[in-house]
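Remarks on the overall topology
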Amino acid sequence: MGFREMNSKVIEATVAPGRPVYSQRGAMLAYKGEVSFTPNLQGGQGGVMSMIGRRIANEATPLMTVEGSGTVLFGHGGHHIQVIALTGDTLYVEADRLLAFEGSLRQGTMFMGAQGGVMGLVRGQVTGQGLFTTTLTGHGAVAVMAHGGVFEVPITPQRPVHVDPQAYVAHHGDVRNKLSTALGWRDMVGRGSGEAFQLELSGSGAVYVQASEEKL
């Protein structure tokens, strides 16, 4: 794996010829070697559709393509960083929580309504999180950001997991999501998390949850 956790808020990424890294703009802290940084308007390996998805999701900042030979230290805003290793599966992650990922992974964009139906749309509109979620598929490392650290919660067919939507960071596996609420529609107006909403994740996999509801 080309990412090494230096501490809870900094990772070191190894860059080599033919092995680029994609990062969020402004995430580079320092680097060693012959390394270049170029704005990437094509959405990593996701191509134009990934770019369009990010634009619709109001993600105006392009990714940076990091190439060459050397090592780069990444961090952003003092946020806690979690490195996730993918071994052929797909990771679904909020775009604003994505710090960096290896170029061996293919990036795409998933419309939340495709998994959550109408409630997926409600989640995006009412909680303030995007209707689109970034997908990363293949073999490689991903670094995600969160407030107060990240913990992994297993999802099994017998035991769905309920998460505050604003604490959600990412998930992987054969998982479906839907938004539920214990309140009536009139009571939900103006409420974005906590007792008003629960994001239910069912199937087989895992969800990554941040230790705070604070938005990045």
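Because the structure is a prediction, the values reported are computed rather than measured.

**Considering the overall build of the protein chain**
- The secondary structure content of the protein chain amounts to three helices and 13 strands.
- A burial count over the protein chain gives 50% of its 216 residues as buried.
- Put simply, the protein chain shows about 9,900 Å² of open surface, and 53% of that area lies on carbon and sulfur atoms.

**Regarding the pairing of strand β5 (residues 63–74)**
- Inspection of the sheet shows strand β2 (residues 10–15) paired to β5 by five bridges, in the antiparallel sense. Within the sheet, the bridge partner assigned to T14 lies in β5 and is T71.
- Direction of pairing for strand β3 (residues 21–23) relative to β5: antiparallel, over a ladder of three bridges. Directly across from Y22, in β5, lies its bridge partner T65.

**Brief notes about the pattern of salt bridges**
- With the rule as written, the count across this model stands at one salt bridge.
- The partner of E12 in a salt bridge is R4, and the shortest N-O contact between them spans 3.0 Å.
- According to the relative accessible area criterion, E12 is buried, its value standing at 15%.
- Given a relative accessible area of 46%, R4 falls into the partly exposed group.

**As for the environment of T87**
- By the secondary structure assignment, T87 is in strand β6 (residues 80–93).
- Under the relative-accessibility criterion, T87 is labelled exposed at 63%.
- A C-alpha to C-alpha distance of 8.7 Å links T87 and T137, two positions 50 residues apart in sequence.
- When neighbours within four sequence positions are excluded, T87 is seen to be in contact with G138 and H139.

**Some points on the side chain of T90**
- With respect to the element layout, T90 can be found in strand β6.
- At a separation of 2.8 Å, a polar atom in the side chain of T90 contacts the side chain of T137.
- Excluding its chain neighbours within four sequence positions, the residues that come into contact with T90 are T135, L136, T137, H171, H172 and G173.

**Section: the confidence of the model for the protein chain**
- With 69% of its residues at a pLDDT of 70 or more, the protein chain has an overall mean of 79.
- Mean pLDDT across the elements of the protein chain ranges from a minimum in helix α1 (residues 47–56), with 45, to a maximum in β2, with 96.
- Long-range and interchain partners of residues 116–130, a stretch whose pLDDT sits below 50, account for 38 contacts in this model, where long-range means more than four residues apart.

**Quick notes on the environment of V163**
- When you line up the elements, V163 lands in strand β11 (residues 161–163).
- Contact partners of V163, with chain neighbours within four places excluded, come to Y168, Q198, L199, L201, V207 and V209.

**Concerning the environment of S204**
- Relative to the helices and strands, S204 resides in strand β13 (residues 198–210).
- For the pair S204 and P154, spaced 50 residues apart in the sequence, the C-alpha separation amounts to 7.9 Å.
- Among all residues touching S204, those that are not within four sequence positions of it are I155, P157, H172, G173, D174 and V175.

Cut-off values and rules
- Residues numbered from 1 in each chain as written.
- Predicted model: local features only at pLDDT ≥ 70, side-chain atom pairs only at ≥ 80, totals over all residues.
- Heavy atoms only, no water.
- Helix = DSSP H or I, 4+ residues; strand = E, 2+ residues; numbered from the N terminus.
- Buried < 20%, exposed > 50% of the residue type's maximum accessible area, 1.4 Å probe, protein only.
- Areas by Shrake-Rupley, 256 points an atom, 1.4 Å probe, with all protein chains shown as cover.
- Pairing = 2+ DSSP bridges.
- Salt bridge = Lys/Arg side-chain N within 4 Å of Asp/Glu carboxyl O.
- Contact = heavy atoms within 4.5 Å.
- Polar contact = N/O pair within 3.5 Å; in protein donor to acceptor, adjacent residues only side chain to side chain.
- pLDDT = per-residue confidence, 0-100.

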